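Coordinate analysis (summary)
Here is what each chain is made of, one letter per residue.
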Amino acid sequence: LNSVNIGPESKTMTKLLSKLCDCLVETTNVEYEHNTAETTKVVAKSVGGSKATGMDSVRIILLLRAIRLIRYNHENSMKELAETDVAFEKLCNRIIKLMMDTFPVVKEEDGSSEREEDINVAIAITFIDMVCNSQGDCRHLFSSNDVLSNWMSSICSYVLSRLEQMKEPGTASPQDLDVTCKLLRQLDQLDRFSPELESTLLLLYERIFQSRDIRAIRSDAGRRIYVLVMGLLEDSIPYTMSDVSMQYATVSLFCLQAWAGDFLYESKYVLQTLLSLVRRVGDTGSDSLLIKSLRDNFNRLLSPVDKKRSTTSILEKYPLALQRISLGLMVMLKSPTSETLKSLASICCCSVVLDRDSVKESLAETIVQSVHCIRTTISMQSYLTFLINSIGMSIRVKCLINALSVGEETALESVATTLTKAVDSLDCSLTRTSRLMLCAGPSTVKVLFMILPQISSWQATAAKKEENPRGSILRTHASLIMLAFFSLSMKQQDKYASIFTVSPDAMSLQSLVDVVCNYLDRIVGDEAAMKVSLKLTSPIVGLIVSEESVLESILERVADWFVVGGLEKANQSRILSILLDWLKDSRLKPVLTDNVAGRLLKQVHRISQVKDSSGHEPTMNFVGQLSAFLEVAQTIQL
């Protein structure tokens, strides 16, 4: 019957399968009895004094396992041939009929069910493997053979009855899991809309996932079943997803939350599948129920793993690859909820440490850039609030104060180093945030108008007497950096633009000078801050470049301090040294016109005429340097 192309290896496997078939017939030498319910009851003939129900379950299971192995090896050896091994296929059909004539094996009234159930599971697994080829395609059999279709229904009913008997959700045995997974795959291959597949999926959902039992979802059964079902769902698009499929898809983020980053393979597979589903659903241009559900529940990935023990979120526990997939999913979903934005900002704040953590900073950068990509799907106010919250100003201040309070007795250089680290970390975050804010809307003026309340809040908090001096320095520094960014940007767009015209009630020249002078007073009163004064006052130079009147107003206020005696002698020389550093800054060269230099020189002369200052040599040295520098600047301009 076989073609001449069938090689000796295939013939040998055919002989082996024939021998196994004979052994299976001998082992399952059975008589059939029909009860009133017309269900078949299988009872082994008594052999050698064995019990009436004494089928050799171990032998049968081993025979079926060997049959599956030979079937698998034979298919692999025949892949290159275009013809069918007829003799081998006839043996397979004979074995299938023998198994299904025996199935299901039921227990005697006084017998144990364990052996019979082991046999039934082995038969179910072998049947599914035997009727389908290596590509999982068995539709050619079932479309033309009602007997095979009835047998598959019988297998499906048996598996469902086994699942219904689970004592607790997610407690399926390994054998039940094997046959369930194989059945689901083959039912999907036959017809993804078949009633058998729908009923099986629905039962599994009700038994494992519907109650949201974390133990069940974390169990081997819960993880294995869910990963398999997600694989089936991925192939369901562009077809309409059934109600059961939708239930599985919408519970996905709860499963990821329950796994809590402990099962990375399953988490990665589910995230990749969700990304694929959302991408393909998004191509239809519809805001489907799936996308809405995932968007509303995305915050589960951002929640702490254990709120009582740690604030670390699930996203932070993921390796870099999973973090990027998770954020990619958020970008594909678009329009994140306010809770999601708040949680993402909190994760960004976790990167706020004095000793910079490159991993956390990288995650914060990725989060901010991801939200920036979908900013058009968020209200501008929500987006700006997210950016400001991601800076983590309160956490930065607290972190700095705690670090300095621990080392109160340490050397001045150590305190200055700690302060420098805090400023560098803040500058990095503010630079990124300010640049993104400039891209947030069509108008820089509108964006500045919307963030001015937050800037004013930082400045108001910094001005409070009870505020920690170094915390005050950090808050004011942040506000001045943001103002400098916007001021310079507005000048580039329109040379006549001014930050003081955006909202006169919230920001005026007088109020800004008050803030800057209060800031300078804090710096000159702190020796550690004076060591990094150039870094701390750099934003002020940026403001002066765009708003020339600021420099004159500041110097006038400083001169008033000298006149009324509002500065200690030690601080007089310090503030003059800061002013001298500003004037030497190359960025101010276009600002120092002859008229400006002349007006500044008058204020310096006022300082030199103060009696208390004239007797203090360091102060007079800086006054002399200021006068000389301004005179030279005035001469050059002339």
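Cut-offs and rules
Residues numbered from 1 in each chain as written. Predicted model: local features only at pLDDT ≥ 70, side-chain atom pairs only at ≥ 80, totals over all residues. Heavy atoms only, no water. Salt bridge = Lys/Arg side-chain N within 4 Å of Asp/Glu carboxyl O. Helix = DSSP H or I, 4+ residues; strand = E, 2+ residues; numbered from the N terminus. Buried < 20%, exposed > 50% of the residue type's maximum accessible area, 1.4 Å probe, protein only. Core = buried A, V, L, I, M, F, W, Y, C linked by side-chain atoms within 4.5 Å. Contact = heavy atoms within 4.5 Å. 1 Å grid on protein atoms, 1.4 Å probe; cavity = no way out; pocket = protein on both sides within 12 Å on 5 of 7 lines; lining within 4 Å. Points joined across faces, edges and corners; volume = space filled by probe spheres on them. Phe/Tyr/Trp six-rings, centres within 6.5 Å; stacked < 30°, edge-to-face > 60°. Lys NZ or Arg CZ within 6 Å of the ring centre and 35° of its normal. pLDDT = per-residue confidence, 0-100. Expected span 1.5 Å × (residues − 1).

1. Topic: the pattern of salt bridges
With the rule as written, the count across this model stands at 19 salt bridges. For Asp 220, the salt bridge goes to Arg 223, with nearest N and O atoms at 3.1 Å. On the criterion of helical spacing, the pair formed by Asp 220 and Arg 223 is a turn pair, its members being three residues apart in helix α10 (residues 220-234). The exposure class assigned to Arg 223 is buried, which follows from its relative accessible area of 13%. When the shortest N-O distance is used, the salt bridge between Lys 317 and Asp 262 registers 3.3 Å. Taken together, the residues span a long stretch of sequence, with Lys 317 in helix α15 (residues 314-317) and Asp 262 in the loop between α12 (252-259) and α13 (264-282) at a distance of 55 residues. For Asp 262, a relative accessible area of 42% corresponds to the partly exposed category. Salt bridges sharing partners connect three or more residues here, namely Arg 68, Asp 129 and Lys 182.

2. Details of the nonpolar core
Across soluble globular proteins, you tend to see nonpolar side chains buried next to one another. With 197 residues, the main nonpolar core has Phe 127, Tyr 248, Leu 448, Leu 512 and Trp 582 as its most contacted residues. Tyr 248 has contacts with Leu 201, Leu 204, Tyr 205, Phe 209, Tyr 226, Val 229 and Leu 233, leaving out every residue within four places of it along the chain.

3. What about empty space enclosed by the protein?
This structure, assessed with the given rule, holds eight cavities of 30 Å³ or more. Estimated volume of the second largest cavity: approximately 70 Å³. Every residue lining the second largest cavity is counted, eleven residues in all, and those nearest its centre are Leu 24, Thr 28, Met 99, Thr 102 and Ile 123. Of all the secondary-structure elements, those providing two or more residues to the lining of the second largest cavity are α2 (57-78), α3 (86-102) and α4 (113-131). With three residues, the top contributor of residues to the lining of the second largest cavity is α3.

4. A word on the packing of aromatic side chains
Following the criterion strictly, the structure yields seven aromatic pairs and no others. Judged by centre distance (5.3 Å) and plane angle (80 degrees), the rings of Phe 103 and Tyr 158 are edge-to-face. Taken together, the positions of Phe 103 in the loop between α3 and α4 and Tyr 158 in helix α6 (residues 146-164) put the pair 55 residues apart, joining distant regions of the chain. Chaining the aromatic ring pairs together yields one cluster made of Tyr 205, Phe 209, Tyr 226, Tyr 248 and Trp 259. Over the ring of Phe 254 we find Arg 212, and its NZ or CZ is 5.6 Å from the ring centre.

5. Focus: the confidence of the model for the protein chain
Per-residue confidence for the protein chain gives a mean pLDDT of 81, with 83% of residues at or over 70. This stretch, residues 1-5, has a pLDDT under 50; its non-local contacts, to residues over four places away or in other chains, come to nine contacts. Per-residue pLDDT stays below 50 along residues 30-53; that stretch engages in 36 contacts with residues further than four places along the chain or on separate chains.

6. Remarks on α6
For α6, spanning 19 residues, the distance from its first C-alpha to its last is 27 Å, which sits close to the expected 27 Å at 1.5 Å a residue. For α6, the complete set of buried residues consists of Leu 148, Trp 151, Met 152, Ile 155, Cys 156, Tyr 158, Val 159, Leu 160, Arg 162 and Leu 163.

7. Focus on unusual backbone geometry
A cis amide bond links Phe 103 to the next residue, Pro 104, at an omega of -5 degrees. As for its position among the elements, Pro 104 is in the loop between α3 and α4. Residue Arg 212 is not a glycine yet carries a positive backbone phi of 55 degrees. With a phi angle near 55 degrees, Ala 260 is a residue other than glycine that sits in the positive phi range. Structurally, the position occupied by Ala 260 is in the loop between α12 and α13. By relative accessible area, which is 7% here, Ala 260 ends up buried.

8. Looking at the environment of His 372
Mapped onto the elements, His 372 comes out in helix α18 (residues 358-373). Looking at His 372, the relative accessible area reads 12%, which means it is buried. Excluding residues within four positions of it along the chain, His 372 makes contact with Tyr 383, Leu 436 and Cys 439.

9. Here's the deal with the side chain of Thr 200
Within the secondary structure layout, Thr 200 lies in helix α8 (residues 195-209). With sequence-adjacent residues up to four places away left out, Thr 200 is seen in contact with Cys 156, Leu 160, Leu 184 and Leu 187.

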